[in-house]
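Notes for the structure review
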Amino acid sequence: MTEVADPSVSTFSPVRKCPFSPPESYGELREQPRISKVKFPNGDDVWAVTKLEDARAALLDTTLSSMRTYAGFPTFQTGERVARDGAVPTLVEMDPPMHGPARQAVVGEFTVRRMEALRPRIQQIVDELIDAMLAGDKPVDLMEAFALPVPSLVICELLGVPYADHDFFQSRSTAILSQEISAEDRDRNFKELQGYLYKLVVTKEENPTEDLIGRQIVKAREADAYDRTAMVAMSFLLLLAGHETTANMISLGTVALLQNPEQLEAITQDPSKTLSAVEELLRYTTITDTVTMRLATADVELGGQTIKAGEGVAVLGFAANTDPDAFERPDEFDIERGARHHVAFGFGPHQCLGQNLARLELQIVFDTLFRRIPGLKLAQSVEELQGKEALVYGIRELLVTW
């Protein structure tokens with residue numbers, strides 16, 4: 001039976017007044033013990049992890065389960081359990097011993113070497129989109145004209161998903177992650193995207209193509225371990241995560257760099273600093289703030305607090321990445337920080353599978369965008385930017401000119 005929410009626990013809100021400022025709820029959290037209970041908007045009471053040290057420990061602890069099928073597993077969105085009902089678990093929803101082999105089967109697709117082989121094509125995609133922007137009218141919505149198409153084109157080519165269908169899967173992905181629609185609408189979009197990928201996987205079974213999904217089908221069949229539903233689940237996760245996250249990082253990263261011209265000049269003068277800038281942008285924005293949930297399968301101590309079996313845990317990424325005990329002047333943007341110990345990609349066995357691809361895309365984007373459009377500037381104030389209430393934080397549009 002799910003535990004009844006405690007009315008004395010304060011409600012946590014993830015809403016940011018500024019894209020680069022932690023939610024106001026963090027102020028109150030930092031005055032509490034290092035791990036304290038909060039209530040999510042859907043009524044779930046969870047233990048909030050806000051310190052970097054505790055976040056890393058939680059993400060390594062196998063007592064804290066990722067399996068959303070457990071009764072009482074914490075969710076942030078109202079109705080999220082409805083969307084998961086009957087669905088095959090994705091990698092982020094698995095525990096050992098299921099998780100290890102499933103991840104190992106696909107991790108080779110995302111090695112640094114394989115990602116580097118994509119560099120020329122990613123560069124071509126970025127250049128072609130910039131060509132189109134320069135040839136068009138100003139101002140332009142960078143989100144629509146550039147930030148979304150770059151990762152969408154890349155992940156489509158990598159997976160073998162027809163880019164002609166991008167309007168369909170982008171709209172469904174946005175809805176699945178949104179906190180602004182009903183549970184029924186979210187469930188409908190979830191099932192529509194699952195159905196689309198099911199048909200795509202069946203097509204590739206009949207004629208395996210030279211792309212990630214095609215290779216994975218052949219590989220699993222050769223090992224006599226092919227499972228269609230598992231292949232659909234993997235494709236769903238990679239498509240969902242492969243464009244929405246990077247698109248939001250491109251738009252927010254562009255704003256952060258334009259707001260810090262001296263640091264922007266540093267990377268334009270010395271591109272070897274761009275990767276450091278990317279790491280700082282990942283820490284500074286932490287767009288997956290409320291994604292990482294766990295459920296204690298046994299009593300466990302974390303950060304001096306005993307968490308009982310059946311209680312939920314939320315690793316709040318933005319809080320961990322702005323922990324003053326882990327980062328000096330955490331609210332400042334500093335590309336010289338060397339912040340690779342952040343948890344923007346998670347940590348431990350569930351660390352983001354596509355992080356090498358994301359880093360490469362962001363490096364190419366920021367090196368190219370500001371080199372080719374040196375006069376790029378915002379066509380609206382930062383105060384006018386509208387954030388989205390979604391599991392992956394982002395802004396709705398970004399008007400720029402030059």
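Residues numbered from 1 in each chain as written. Predicted model: local features only at pLDDT ≥ 70, side-chain atom pairs only at ≥ 80, totals over all residues. Heavy atoms only, no water.

This part takes up the overall build of the protein chain. Scanning the protein chain from N- to C-terminus turns up 16 helices and 10 strands. Relative to the compact-globule value of 21 Å for 402 residues, the protein chain shows a C-alpha radius of gyration of 21 Å, a close match. Reported as C-alpha extents along the three principal axes, the dimensions of the protein chain are approximately 60 × 55 × 35 Å. Relative to its full complement of 402 residues, the protein chain shows a buried share of 53%. If you take every contact in the protein chain between residues at least 6 apart in sequence, the share linking residues at least 24 apart comes to 72%. Separation of charge centres in the protein chain, based on 40 positive and 60 negative side chains, amounts to 3 Å. (Helix = DSSP H or I, 4+ residues; strand = E, 2+ residues; numbered from the N terminus. Rg over C-alpha atoms; globule rule 2.2 N^0.38 Å. Buried < 20%, exposed > 50% of the residue type's maximum accessible area, 1.4 Å probe, protein only. Contact = heavy atoms within 4.5 Å. Lys, Arg positive; Asp, Glu negative; His and termini not counted. Charge placed at Lys NZ, Arg CZ, Asp CG, Glu CD.)

Turning to the layout of surface pockets, a few remarks are in order. Here the largest pocket is characterised by a volume of approximately 510 Å³. Residue lining of the largest pocket: 21 residues in total, with Pro101, Ala102, Ala105, Ala225 and Ala230 positioned closest to the centre. Secondary structure elements with two or more residues in the lining of the largest pocket: α4 (99-107), α11 (212-222) and α12 (228-259). Partitioned by chemical class, the residues of the lining of the largest pocket number 17 nonpolar, two polar and two charged. (1 Å grid on protein atoms, 1.4 Å probe; cavity = no way out; pocket = protein on both sides within 12 Å on 5 of 7 lines; lining within 4 Å. Points joined across faces, edges and corners; volume = space filled by probe spheres on them. Nonpolar A, V, L, I, M, F, W, Y, C, P; charged D, E, K, R; others polar.)

This part is about the packing of aromatic side chains. Evaluated as defined, the whole model comprises eight aromatic pairs. With a centroid separation of 5.2 Å and an interplanar angle of 45°, the aromatic rings of tyrosine 284 and phenylalanine 333 are classed as tilted. Of this pair, tyrosine 284 sits in helix α14 (residues 274-285) while phenylalanine 333 sits in the loop between α15 (317-321) and α16 (355-372), and the two are 49 residues apart along the sequence. Judged by its relative accessible area of 12%, tyrosine 284 falls in the buried class. The structure contains a cluster of three or more aromatic residues connected by ring pairs, namely Phe12, Tyr26, Phe40 and Phe318. Above the ring of tyrosine 226, the side-chain terminus of arginine 221 is found at 5.5 Å from the ring centroid. We note arginine 283 situated over the ring of phenylalanine 327; from NZ or CZ to the ring centre the distance is 5.3 Å. (Phe/Tyr/Trp six-rings, centres within 6.5 Å; stacked < 30°, edge-to-face > 60°. Lys NZ or Arg CZ within 6 Å of the ring centre and 35° of its normal.)

Here the focus is the environment of aspartate 165. Among the structural elements, aspartate 165 can be located in the loop between α8 (149-159) and α9 (166-177). The sequence separation of aspartate 165 and valine 300 amounts to 135 residues, and the corresponding C-alpha distance is 46 Å.

Moving on, we get to the sheet that holds strand β4 (residues 140-141). Taken in spatial order, the three strands line up as β4-β10-β9 in an open sheet, and their pairing is antiparallel. The two strands at the open ends of the sheet, each matched to only one other strand, are β4 and β9 (377-378). (Pairing = 2+ DSSP bridges.)

This part is about the packing of α9 against α12. For the pair α9 and α12, the least separation of the axes is 10 Å and the interaxial angle reads 90°. Relative to α12, the element α9 is oriented roughly perpendicular. Residue-level contacts link Phe169, Gln170, Ser173, Thr174, Ile176 and Leu177 of α9 to Phe236, Leu239, Leu240, His243 and Glu244 of α12. Looking at the contact of α9 with α12, its residues break down into six nonpolar, four polar and one charged. (Axes fitted to C-alpha atoms, helices over the stretch in contact; angles between N-to-C directions. Parallel < 35°, antiparallel > 145°, perpendicular 65-115°, else oblique.)

This paragraph deals with the nonpolar core. The tendency in soluble globular proteins is for nonpolar side chains to be buried as a group. Counting 102 residues, the largest nonpolar core has Phe146 and Leu369 as the members making the most contacts within it. With 16 residues, α12 is the largest single contributor of residues to this core. Counting residues in each nonpolar core, the second largest holds 19 residues, with Trp47, Val315, Phe327 and Ala339 among its members. (Core = buried A, V, L, I, M, F, W, Y, C linked by side-chain atoms within 4.5 Å.)

Next up on the list: helix α2 (residues 52-60). Owing to its 3.6 residues per turn, the α-helix aligns residues three or four sequence positions apart on the same side. Those residues of α2 that sit buried are Leu52, Asp54, Ala55, Ala58 and Leu59. Angularly, the buried residues of α2 cover 160° about the axis, an arc narrow enough to put them on a single face. (Arc of directions from axis to C-beta.)

This part is about the environment of tyrosine 163. Mapping tyrosine 163 onto the fold places it in the loop between α8 and α9. For tyrosine 163, a relative accessible area of 25% puts it in the partly exposed group. Discounting residues that sit within four places of it in the chain, tyrosine 163 has contacts with Pro149, Ser152, Leu153 and Cys156.

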